[in-house]
Structure formats: C-alpha cells, structure tokens
Amino acid sequence: MKNSKFSKILCVGMAGVMMTAAFTACNKSGDTTKETEETEQGETTEVTGDETTIAAGASECVIPEKFVFDGKFSVQVLGYEYFDTADAYDYDLLNVYYDFTPLSSEIMGDNYIYWSCKQAGEDQEMNPATNSKFGNCVFSDNIWISVQEGVTLRGMVSFSCKKGCTDELTIGVGENSNEYQYFSVDPKWEMPDIRHQAFEVAKVANPSFGPGNLAEATSPSGSYDIKINGVTGVYTGSGLNCDGDVVDEKVIGISYTWTNHTGKDDDAFMIASLNNYVFQDGVSLVVTGCPDDSEDAGKSQSELPEYQDIADGESITYTVYYKLRSDSPVEVVFKDFFATDCFADVVYDVPA
C-alpha cells in the first residue's frame, strides 16, 4: 500500500530540510474501542456520545474512541466531512478531524502520525492543497507545530477520493508506515460542521518544559552560541479564521543574539531556527512575517539579519515573530535535533 504522512519541513516553510523519525512497530489493535448503535435501514439515529447523525440509507460506520501507540502518542478521531467538489476538481475530498496527544517527554508534532486511505480497492492520496477551500485554514498550521507531553492539539488530514464514488473508505492511522490501526468512513454519513467547533488549547499551570533561566548557552554541537534577549513587543498581524476571513492576530517578537562557530560563513536561520521552539500552553507558536507595526516592517527576507551569511566568530542580533494564541506566558526553548534536554530555556509573560 502506498502510504502518506505529514512531513515536518523544519525551516518554517523555506528550507527543504525533511524530518525523519524511526519508531518501534506497534501492534495494539486491542486499544481501539468502538461504540455501536443498532439502527434499522432507512432510520435516522442520533449517537449521543459523538453527536453524530447517521443519514438515511447510510451504513453504520462508527468513530473509534481512541488509538494509542506504544505510549508515544494517542489519536482521538472526532469525525469527518466528505465533499463533492463538483467541477472544481477531478476528485472528491475527505477531511478527518482528530485530537493528538503526546504521551512521552519527547517534543512531538502531529506530523508524527502516518495515515493511509483506501476506497474501492485503490489507495487514495493525502491532499493538503485543498484544505484552504474545504477545511479549516487554522488546521493547516499544524504541520509546523510541536506539542509537549500531555497537551492536546486538534488536527485535520485530507484525502483525495474517487470522483462520485460512495463506497466506504478504510482509513489507517499508525506510528510507522508498516502497521496501521483502521476505521471505516461512509461518504453518506452526515456529520456536524466540525470546522467551526471552538477548540482551545488547555492552559498549562507550569509552562516550564526545561529548567528555566537559561538565557545564554553554547549549543551541544558547539556550532553556535545563542543568547535569548527577551520580548521586543506585542504587535498586530493578520491571518485567516475558519471562515477564510482575514482577521487581526496578536504577534510577539523575541530577540536573539547568535554567534557563528561553524568554521565557515553561515546564517542563523538555517542553524539556530531548527532547534528553536516557543511554547504557549505546551503548544509551539507558528512563526509569521514581520508585522506592520514592528521595527522590521517592510523588510524583505534578504534584508533580515538572520538570513545573512555571518563570518565564523561573528555575532548578529535579530527578532523572530510568533503568532500568539492567548495571554498565557511563553517559553523560549533551544534543543538540539532529537535531543531530550534543552540547553536554553526562558519563560516570559506576554506584555499587555
């Protein structure tokens, strides 16, 4: 079977560095529980626990309660929507909505989930390209997001499906590409509009992922020094809500000083940014462009200092901008790729 997974491009959309992870195979089909309602053909039945309506003539597909993968993470499937795309595309579209929760101290993202889809005996492809038209635009950010242990993040995966086909789809979810746990999807099953359901990340009482108060350090690889200078301000940015409307967003600026020890000319973005996380309530914030009211407003990427080649032994100071979700404190973390411990870690309150 040809399989699909979210790939985390660890360069905030610009550098082509592909993250790969090796996982232990999981065989926990017993962890999947299903809740079934008896119904007669042609009868519409409300399933109270999932607030799901089975349409007349539809089969009894049920939403699994939860998939758990060897203590690494869990996936709670919430529901799905099936779109007849009419003349817009030569395929129809399936969106599956889920909650993702890491169960270990490793920093994870929902890109750790492997997905597969089969309909009418054929493999169907993941298709994130149409999310902006048929899905919740906010969910498209999740490919960039990392999550701390025990914190839940809502996500969405999209598949291109056979045009006009109403056969059931078999969806696989797994922690690797060799073994999946499965559930069924019926295109005729009417679902509520999950895209517009409110979802808030639960607040974390203690925001510290690491030891805290580590504002200046040398990376374990020795390739650079980093100093976290602090918050430069809160600014006004713009983004899309779940209806596709442009809305104002609050953006926080964090200042860093980076010193090059690579032995050659290099830039901070390609090195330091791969190891940098800014968490709020246990979920990383998404990097955004320079807000209009910031000191970097109007600058092109080539004009920003973090993209400049800096000579070995030289330092630069630069600001990175992150989209805020709430007024909770933010935690700035630097952690080497695949390492457990962070080597720089500071918590800041969000200025009013």
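In what follows, the structure referred to is the one given above.
Worth saying up front: this structure is predicted, and the values here are computed from it rather than measured. All residue numbers refer to position in the chain's written sequence, counted from 1. Selection of residues for local features in this predicted model requires a pLDDT of at least 70, selection of side-chain atom pairs for listing and counting requires 80 or more, and totals for whole chains, interfaces and linings are taken over all residues. To obtain the side-chain values, all non-hydrogen atoms of the structure were included, while hydrogens and water were left out.

When the centres of two rings from Phe, Tyr and Trp lie within 6.5 Å, Trp using its six-membered ring, the rings pair. Their planes under 30 degrees apart give stacked, over 60 give edge-to-face, and anything left gives tilted. Following the criterion strictly, the structure yields 13 aromatic pairs and no others. Taking the centre distance of 5.8 Å and the plane angle of 5° together, the rings of Tyr 277 and Phe 279 count as stacked. The two residues Tyr 277 and Phe 279 agree in class, both being buried. Within the aromatic cluster, the residues linked to one another by ring pairs are Tyr 224, Tyr 256, Tyr 318, Phe 334 and Phe 343. Any residue under 20% of the maximum accessible area for its type is buried, any over 50% is exposed, and the rest in between are partly exposed; the area is computed with a 1.4 Å probe on protein chains only.

Counting buried positions over the 6 residues of strand S10 (residues 169-174) gives 5, a clear majority of the element. Between any two strands, at least two bridges found by DSSP are needed for them to pair. Elements are defined by DSSP. Helices are runs of H or I of four residues or more, strands are runs of E of two residues or more, and each kind is numbered from the N terminus. Sheet topology note: the S10/strand S11 (residues 181-185) ladder contains 5 bridges and is antiparallel. Pairing of Val 173 across the sheet is with Gln 181, part of S11. Connecting the antiparallel pair S10 and S11 is a turn made up of 6 residues.

Not every positive phi belongs to a glycine, and Ala 86 is a case in point at roughly 55°. If you trace the backbone, Ala 86 turns up in the loop between strand S5 (73-83) and strand S6 (92-102). Note on Ala 86: relative accessible area 46%, which makes it partly exposed. A positive phi is found at Asp 281, a non-glycine position, where the angle reads about 55°. Considering the arrangement of structural elements, one finds Asp 281 in the loop between strand S15 (276-280) and strand S16 (283-284).

Our focus in this paragraph is the pattern of salt bridges. By definition here, a salt bridge exists when the distance from a side-chain nitrogen of Lys or Arg to a carboxyl oxygen of Asp or Glu is within 4 Å. Under the counting rule described, the total for this entry stands at 9 salt bridges. In this structure, the salt-bridge partner of Lys 163 is Asp 84, at a minimum N-O distance of 3.9 Å. Within this pair, whereas Lys 163 is found in the loop between strand S9 (153-161) and S10, its partner Asp 84 is found in the loop between S5 and S6, the two being separated by 79 residues in sequence. Under the relative-accessibility criterion, Asp 84 is labelled exposed at 60%. Residue Lys 162 is joined to Glu 122 by a salt bridge in which the shortest nitrogen-to-oxygen separation is 3.5 Å. Placement of Lys 162 in the loop between S9 and S10 and of Glu 122 in strand S8 (residues 122-123) is noted, with a sequence separation of 40 residues between them. Take Glu 122: its relative accessible area is 42%, and that puts it in the partly exposed class. Put simply, Asp 70, Lys 72 and Glu 175 are held in one network by salt bridges that share partners.

Another aspect to go through is the environment of Glu 200. Position of Glu 200 relative to the elements: it lies in the loop between S11 and strand S12 (216-218). In this structure Glu 200 comes out as exposed when scored by relative accessible area, which is 71%.

Moving on, we get to the sheet that holds strand S18 (residues 315-323). Backbone-to-backbone hydrogen bonds join strands into a sheet, with any given pair of strands oriented parallel or antiparallel. As summarised here, the arrangement of the 5 strands in space is S12-S13-S14-S18-S17, forming an open sheet in which the pairing is antiparallel. With one partner strand each, in any of the chains shown, S12 and strand S17 (287-288) form the two edges of the open sheet. Strand direction decides the pairing type here: strand S14 (residues 246-260) and S18, joined by 9 bridges, are antiparallel. Directly across from Ile 252, in S18, lies its bridge partner Tyr 322.

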